Amino acid sequence: MEDLNILILEDVTADAELIESALKKGKFAFDSKRVKTKKEFQQALKTFRPDLILADFDMLEFKSDTDTLEITDLKVPNTPFIVVSGESEELKARKILNGEIADYVLKDKLSKLPQVVRKALDSAKVHQKKVVSENALQESHDRLNEILSVAELVTWEWRIAENVVKFGNGLTGALGYEVEQNGFDFAQIKKIIHLDDKPEMLESLKAHIDGTAPVYSSEYRVRHKNGIWVWVSDKGKVTKTHENGKPTVVSGILKVTTASMEPGYATQLKGKGREKPWILLDTVYKTVPVAFTVLDHDFYIISANKVLSQLTGLPQADNVGKRFKDVVPEIARKSETFLRRVIKSGRPIFNFEIKGRTPVSENKIRHFLISFYPLKSPDYQIIGVAINDITTLKLAEAARFESEMRLHQLEENINAVVWMIEAGTNKLQYISSSCEKFWGLTIANLYDDPFSFLENVHPDEQEYVEEYMIKLLNSDKPGQFEIEFRIITRDKGIRWLSGRGFAIPDKSGGIKSYGGLMQDITKRKLAQMELEDSQNMLLETQKIVRLGSFKWTISENKVIWSDQLFRIFGYQPGQISTSIASYLRLSFSEDRKLLKKTINRSIVKKEGFELEHRIVLPDGLIRIVDLIVKVILGNDGVPVQLIGWVQDITDRKQAEEVAQRFGRILDSSLNELYIFKEDTMSFIQASKSALQNLGYSLEELKQLTPVDIQIGIDRDKMAEWISLLKSGEEEGIVFEGVNRRKDGSDYPIEARLQYLRSETPPVFLAEISDISQRRKAQEARYEGQEMERKRIAMEIHDGIGQMLIAIKQRVLNLDFKQVEKAELEEKIEEIDKILSMTIEEVRRTSNNLAPIVLKKMGIEDAIEMLCNQTAKISNIKILFDHKGPKIRASENILLAIYRILQEAMNNIVKHSGASQAKVQFFQDEKNISLIIADNGKGFDINGNIRKGSNGLSNMRERATLVNGFFYIETAENSGTYIKVDVPFESND
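Keep in mind that what you see is a predicted model, and the values were worked out from it rather than measured.

About the cut-offs
- Residues numbered from 1 in each chain as written.
- Predicted model: local features only at pLDDT ≥ 70, side-chain atom pairs only at ≥ 80, totals over all residues.
- Heavy atoms only, no water.
- Helix = DSSP H or I, 4+ residues; strand = E, 2+ residues; numbered from the N terminus.
- Buried < 20%, exposed > 50% of the residue type's maximum accessible area, 1.4 Å probe, protein only.
- Contact = heavy atoms within 4.5 Å.
- Pairing = 2+ DSSP bridges.
- Axes fitted to C-alpha atoms, helices over the stretch in contact; angles between N-to-C directions.
- pLDDT = per-residue confidence, 0-100.
- Parallel < 35°, antiparallel > 145°, perpendicular 65-115°, else oblique.
- Left-handed = near helix turned anticlockwise from the far one by under 90°.
- Nonpolar A, V, L, I, M, F, W, Y, C, P; charged D, E, K, R; others polar.
- Salt bridge = Lys/Arg side-chain N within 4 Å of Asp/Glu carboxyl O.
- Expected span 1.5 Å × (residues − 1).
- Arc of directions from axis to C-beta.
- Phe/Tyr/Trp six-rings, centres within 6.5 Å; stacked < 30°, edge-to-face > 60°.

### Focus on the overall build of the chain
- Helix and strand counts for the chain stand at 33 helices and 39 strands.
- Among the 988 residues that make up the chain, the fraction classed as buried is 44%.
- Contacts spanning at least 24 positions in sequence make up 53% of the contacts within the chain whose residues lie at least 6 apart.

Below is the structure:
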């Protein structure tokens, strides 16, 4: 227990200490505060907030017009107040009997104080719970009144002995009559019921009272206070009986459904281009609250009421003579099928719901409930059309009565769940007990988690229902939301529910809560499917293009085929008899047994199926169809119908077979094929050889991108290539690189990247060849070449060069005395020049074969010297730019870079026609990079590759041998740009 805050009003310190001591002996944990004056008392009430007040009797009345007890009630109501005093029984008579204090204890009997305190605290708790319960009950009644007000439901109670009917507050809003405190005489009620409907209504009520009907239910017309006849749906149940078992009270709910039409008039109307007298029905009303019009058999308007003008935007008279589709195009288009059906069958169609725009509300979708009535004229058939705008209808809610018992009985009667949730917090404020029957969940479960009912919603519709609830609970304007969905009951059955939710506004116009009604409409749904199955089948067929259908009524063994189904089997509609036996006979012989077994099993298990099978056309051609069957159950749960849809999928199956064959061919290819997305670059598909070489499964590969398996290619480089391909600047990008397997091992590749913009959505295709064997052969070849060159260079340098130098020395040491001086000098000068040239040539040749300058001068100076030499012999201005410190790398890397530059310089001199070139050489944290660019004439790189350019191939191969990346960008008349990136490896 938490510590109590105890305020002690005592001006004698010793007495206060005795009180505290008595409390401690009683095992109370508390914080106390002592006050002696009125000012201190008032201040303590503000800051201390006591759970209990103990006061000396002399402190009860201060010298002012406000005594202590009044101040306490003002500041901390319901706080226990105990007097501790030396006064006698007079105190009890004066105060306790007036109920102003909880109890009292005499100071000479403080041992009783703990007992008195516990009693006072317990009484305070009970009182507090009572207050909470009363507030909750009042709030519950307030919420119920709000639900009844918004939903326009009228509750009633008929006291049979008194013959008095009492109505709830909804009577005025629904029918216009003021609520009488003492109720209405039942005879008064019967006077406002339509004469044609009264006998059936009274008979239904009598049947329930007599016990021959479980509930009272009737639909009839009632005269509104304004004189208009309106249709109501009335349901009730006996809620009280006498000791002898006879009913004494019947309770129920009355709901206004639709307005009927007042007796009208007869008039003469004109159609477009024709004049005929039409005697309209007596049921055409001047003040009908729905749009009503009469059409001739060509759908021209021959009569219209004022409400139709609210949809068309035309004066009432201007609607007459126009075609229905010219004044309300969307409504007319969606109604045409039903208008023709009414003309053909002569039977009405009621309450067909559509949505669309009207000329008055072009930018807003509205919902309508439309009924079509066949009417007969002297000359030919006409049609009455009633259009009810239901967009702004308020939601119907189940109501509950003042008594919880009556509310429970009423909820059972209407078979619905009523709920209310607080706006902002989504906290459940109220839910009727019938939720346990609907959801199989306790009320406590739903109060803990209002959304737990989703667990019982059919899996196919859980997301749909959740979205509906989220939309409802996020609405910021009053209005209604409607939904129909299925639930799975405790016994694993399926029931249909209709839900209506609405926002309840507060006085300021904001939303303070959301309410709703869930009603079991399973019987209605089954009836609709049974009565309107042909319409449902048509709607389903329209969803799937080129689809035949059939309906088999099992009890009658009657089968109806659609025209398209005849055509699928190669016959004209009606050319052959329709039956399940005919269907089996036209199926391929090897498929018949399985087909028949599947149909029988679906009936036994009461579940639909989908099956692909073959059929044989009259000319012997075999086609493949996809059969989808749905089982319709009757009210007793027994299958009554099978509805089937049949689609010819021969072309699709053939295409799938071709695709599978092509896939098998691709999988057998030695090249690796990858497809990846254009936005995220994540892999979508890969060939069998690709997965085998990399060691990933397809699911693992889908989590990666090309950058994840490519060494030396970062996301920026890949993004640059993707941009070039998507813009159309490049049709394909070819490069060599290194792939890394799942186990961490690497292998060299040659790749071609393409953008497949014809696909939906567009994707990238990478075709990769494993060039490991080719690379090994190249490495062996180049290693042999380099060794041979080194050997030749050594021989030339150390052999021929030294010999020529020795000859030169011997010549210089000749005895010149025997030769004329002038002649000798001439010969010596000539020999010297020849020998010097020979030595220079030997050195140059040696350097070409194995550039010793790399070791002696370093790669930077060697490159600069090569640039200078090339510029000198070609008259091309060559700029050399080196950034950063001296580069130190393995001999193989430096030699490869030098050879690539030699090849590039050779190509610039021989082929480019450039006047200027630039060479950049630098190193970053990852790579050693060489860039060579010229302003020459460029060339067609794709054509060059097809011709097999040795220069480009040599440069690419040299870069690949050292795990480098070689990239070239060029086009005719656009110069050439070459970049080489080699992963850095120090020779330290």
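### Details of the sheet that holds strand 20 (residues 428–431)
- Strand order in the open sheet formed by five strands is 20-19-23-22-21, with antiparallel pairing between adjacent strands. For this open sheet the edge positions go to strand 20 and strand 21 (480–488), each flanked by a neighbour on one side alone. The average angle at which neighbouring strand axes cross in this sheet is 20°, direction not considered.
- Relative to strand 22 (residues 494–505), strand 21 runs antiparallel, the two being bridged by nine bridges.

### What about the sheet that holds strand 25 (residues 558–561)?
- The strand order across the open sheet built from five strands is 25-24-28-27-26, with neighbouring strands paired in antiparallel fashion. Because the sheet does not close on itself, it has two edges, and the strands there are strand 25 and strand 26 (609–616). The average undirected angle you get between the axes of adjacent strands in this sheet is 25°.
- One ladder, built from nine bridges, connects strand 27 (residues 622–633) with strand 28 (residues 639–648); its direction is antiparallel. Across the sheet, the residue bridging to Val625 is Asp648, located in strand 28.

### A short note on the confidence of the model for the chain
- Residue-level pLDDT values for the chain average 78, and 77% of them are 70 or greater.
- Long-range and interchain partners of residues 62–66, a stretch whose pLDDT sits below 50, account for seven contacts in this model, where long-range means more than four residues apart.

### Points about the pairing of strand 22
- Connecting strand 21 to the antiparallel partner strand 22 that follows it, the hairpin turn spans five residues, and Lys492 within it adopts a positive phi of roughly 70°.
- Direction of pairing for strand 22 relative to strand 23 (residues 511–520): antiparallel, over a ladder of nine bridges. The residue bridging Gly499 from the neighbouring strand is Met518, located in strand 23.
- Count of turn residues in the strand 22/strand 23 antiparallel hairpin: five residues, of which Gly509 carries a positive phi of about 100°.

### A closer look at the packing of helix 30 (residues 859–874) against helix 31 (residues 891–912)
- Interhelical geometry of helix 30 versus helix 31 gives an angle of 15° and a closest axis separation of 11 Å. Classified by the interaxial angle, the pair formed by helix 30 and helix 31 is roughly parallel. In the crossing of helix 30 with helix 31, the sense of the turn from one axis to the other is right-handed. Listed contacts from helix 31 to Ile859, Ala862, Ile863, Leu866, Thr870 and Ser874 of helix 30 are Leu894, Ile897, Tyr898, Leu901, Gln902, Met905 and Val909.
- Per-class residue counts for the contact of helix 30 with helix 31 are 10 nonpolar, three polar and no charged.

### What to know about the pattern of salt bridges
- Throughout the structure, instances matching the rule amount to 28 salt bridges.
- In this structure, the salt-bridge partner of Lys206 is Asp210, at a minimum N-O distance of 2.7 Å.
- Taking the relative accessible area as the measure of exposure, Asp210 reaches 47% and is therefore partly exposed.
- Where Arg495 meets Asp520, a salt bridge forms, and the shortest distance between an N and an O atom there is 3.3 Å. Placement of Arg495 in strand 22 and of Asp520 in strand 23 is noted, with a sequence separation of 25 residues between them.
- Ionic contacts of the salt-bridge type, sharing partners, join the residues Glu10, Asp15, Asp56 and Lys107 into one network.

### Topic: helix 26 (residues 715–727)
- When the terminal C-alpha atoms of helix 26 are compared, their 18 Å separation across 13 residues agrees well with the 18 Å that a helix rising 1.5 Å per residue should span.
- If you check which residues of helix 26 are buried, you get Lys717, Met718, Trp721, Ile722, Leu724 and Leu725. When helix 26 is viewed along its axis, its buried side chains cluster within an angular range of 160° and face the same direction.
- Along its buried surface, helix 26 packs onto strand 29 (672–677), helix 25 (706–709), strand 32 (732–740), strand 33 (746–756), strand 34 (763–770) and strand 38 (965–970).
- Gly728 occupies a position one or two residues after helix 26 and carries a positive phi of about 85°.

### Quick notes on the packing of aromatic side chains
- Following the criterion strictly, the structure yields 16 aromatic pairs and no others.
- An angle of 15° between the planes, with centres 4.6 Å apart, marks the rings of Trp158 and Phe186 as stacked. Remark: Phe186 occurs in helix 7 (residues 186–191) and Trp158 occurs in strand 6 (residues 153–159); sequence separation between them is 28 residues.
- When its relative accessible area of 9% is taken as the criterion, Trp158 is described as buried.
- Note on Phe569 and Tyr583: the rings are 5.3 Å apart at their centroids and 75° apart in plane angle, and the pair reads as edge-to-face. Of this pair, Phe569 sits in the loop between helix 19 (563–568) and helix 20 (580–586) while Tyr583 sits in helix 20, placing them 14 residues apart in sequence.
- Its relative accessible area of 1% is what places Phe569 among the buried residues.
- Using a relative accessible area of 4% as the deciding quantity, one classes Tyr583 as buried.

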